Amino acid sequence: MYSYIGKRLLVAIPTLLIISIFVFSLQKLLPGDPVLAMAGEERDPQVLELLREKYRLNDPVIYQYGYWLQGVARGDLGVSLRTNQPVLTLVAEKLPVTIQLAVMSMIFAFAIGIPMGILAAVKKNTFIDFLANIVALCGLSVPNFWLGIMLILLVSVKLHWLPASGYQPFFEDPWRSIQTMLMPSFVLGNALAATLMRHTRSSMLSVLSADYIRTARAKGLPETAVVLQHSFRNAILPVVTVSALLFGELLAGAVLTEQIFTIPGFGKLIVDAVFNRDYAVVQGVVLCTAVGFIAMNLIADILYVLLNPRMRAAL
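Below or above, wherever it landed, is the structure these notes cover.

Cut-off values and rules
- Residues numbered from 1 in each chain as written.
- Predicted model: local features only at pLDDT ≥ 70, side-chain atom pairs only at ≥ 80, totals over all residues.
- Heavy atoms only, no water.
- Helix = DSSP H or I, 4+ residues; strand = E, 2+ residues; numbered from the N terminus.
- Buried < 20%, exposed > 50% of the residue type's maximum accessible area, 1.4 Å probe, protein only.
- Salt bridge = Lys/Arg side-chain N within 4 Å of Asp/Glu carboxyl O.
- Phe/Tyr/Trp six-rings, centres within 6.5 Å; stacked < 30°, edge-to-face > 60°.
- Patch = residues over 30% accessible without salt bridge, like charges linked within 9 Å, V, L, I, M, F, W, Y side chains within 5 Å.
- Areas by Shrake-Rupley, 256 points an atom, 1.4 Å probe, with all protein chains shown as cover.
- Polar contact = N/O pair within 3.5 Å; in protein donor to acceptor, adjacent residues only side chain to side chain.
- Contact = heavy atoms within 4.5 Å.
- Axes fitted to C-alpha atoms, helices over the stretch in contact; angles between N-to-C directions.
- Parallel < 35°, antiparallel > 145°, perpendicular 65-115°, else oblique.
- Left-handed = near helix turned anticlockwise from the far one by under 90°.

Re the overall build of the protein chain
Argument step 1. When helices and strands are counted, the protein chain shows 14 helices and 0 strands.
Argument step 2. In the protein chain, the succession of helices and strands from N to C terminus is α-α-α-α-α-α-α-α-α-α-α-α-α-α.
Argument step 3. Reported as C-alpha extents along the three principal axes, the dimensions of the protein chain are approximately 85 × 55 × 35 Å.
Argument step 4. Taken across its 315 residues, the protein chain has 39% of its residues classed as buried.

See below:
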């Protein structure tokens with residue numbers, strides 16, 4: 001098991017290196033000059049030259065990448081060109097917000113998508129299956145920003161049940177923090193639930209037609225035991241992979257949802273950084289997002305081994 005994890009980590013290292021090259025190269029294509037944005041209205045040529053020397057912007061691109069990579073290896077993601085704060089500090093401030101939003105969104109997605117997928121598979125070609133597919137189609141089709149605005153209008157403006165926007169750190173006031181996160185989490189979880197429902201239904205249908213399921217029913221096992229203990233345990237593997245990818249997407253930041261509900265997460269941070277030509281922040285956030293994706297894929301691989309006896313036996 002440990003050797004398997006070690007091999008996966010070794011694969012992750014060149015992957016991260018390739019991602020870092022793409023991130024550093026593509027951000028150079030952004031229009032505008034970050035030094036001009038920092039200098040403001042009084043653009044003294046001497047000040048501009050000093051800023052370019054300070055941030056090594058006059059060096060060749062390959063040298064700039066080398067300096068940045070050395071800093072990343074030391075845990076230094078650079079300094080924000082706009083606020084003069086360390087990028088690692090900005091990431092540390094926004095990461096708990098994004099993680100809380102992602103976890104709550106996945107809770108909604110699991111609570112809605114997986115039971116619907118199981119019911120749709122068990123009740124194939126019935127009204128329940130038809131209704132579940134309609135709900136999944138609506139979840140995929142309805143834009144998040146429209147659903148968010150409608151929820152604010154109904155839940156906050158009309159009913160006064162939840163705050164319309166803002167964020168409260170969880171450890172300062174847990175209940176208030178959950179209240180501010182409920183609507184954006186539902187908006188994101190609703191879209192993810194549709195994807196989970198479709199994958200769960202498809203996987204369950206393939207398992208329910210297997211010979212060992214017919215054998216379990218022939219032995220007289222209760223239908224609940226057949227569905228949950230025998231079918232769902234074997235159908236969950238593809239759902240684990242999809243869930244890991246969806247969670248990685250949430251860690252990347254839900255830009256529109258965070259903007260609508262004024263949540264200071266990764267999405268808002270990277271949008272502000274792009275508009276301000278703050279290259280160091282863009283690089284740091286995208287790199288951290290890539291690390292999150294790789295970590296979630298590693299966790300999915302480990303869960304595969306834990307959930308699949310054949311893979312455990314092979315290892």
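Observations concerning the pattern of salt bridges
Argument step 1. Scanning all chains against the criterion turns up 2 salt bridges.
Argument step 2. Between Arg214 and Asp211 there is a salt bridge, and its shortest N-O distance comes to 2.1 Å. Remark: Asp211 and Arg214 occur in helix H9 (residues 211-218); sequence separation between them is 3 residues, near one turn of the helix.
Argument step 3. In this structure Asp211 comes out as exposed when scored by relative accessible area, which is 53%.

With respect to the packing of aromatic side chains
Argument step 1. All chains considered together, the criterion is met by 3 aromatic pairs.
Argument step 2. Ring geometry for Phe170 versus Phe171: centroids 5.5 Å apart, planes at 85°, classification edge-to-face.

Some words on a nonpolar patch on the surface
Argument step 1. Where nonpolar side chains cluster on the molecular surface, the patch consists of Leu119, Phe127, Ile128, Phe130, Leu131, Ile134 and Val135 and spans about 650 Å² of accessible area.
Argument step 2. Broken down by element, the nonpolar patch gets its largest block of residues, 6 residues, from helix H6 (residues 127-141).
Argument step 3. Within the fold, Phe127 resides in helix H6.
Argument step 4. Accessibility expressed as a relative area gives 60% for Phe127, which makes it exposed.

Section: the side chain of Ser177
Argument step 1. Relative to the helices and strands, Ser177 is located in helix H8 (residues 174-208).
Argument step 2. Residue classification places Ser177 among the buried positions, given a relative accessible area of 0%.
Argument step 3. Separated by 2.8 Å, the side chains of Ser177 and Gln100 make a polar contact.
Argument step 4. Apart from the residues lying within four places of it in its own chain, the contact partners of Ser177 are Gln100, Tyr167, Gln168, Pro169 and Phe170.

Here's the deal with the packing of helix H10 (residues 223-252) against helix H13 (residues 279-307)
Geometrically, a packed helix pair is captured by the angle between its two axes and the distance between the axes.
Argument step 1. Across the interface, H10 lies against H13 with an axial gap of 9 Å and an inter-helix angle of 165°. Between H10 and H13, the angle falls in the class roughly antiparallel. Between H10 and H13 the crossing geometry is right-handed. Two secondary-structure elements touch here, H10 through Ile236, Leu237, Pro238, Val240, Thr241, Ala244, Leu245, Phe247, Gly248, Glu249, Leu251 and Ala252 and H13 through Thr289, Gly292, Phe293, Met296, Asn297, Ala300, Leu303, Tyr304 and Leu307.

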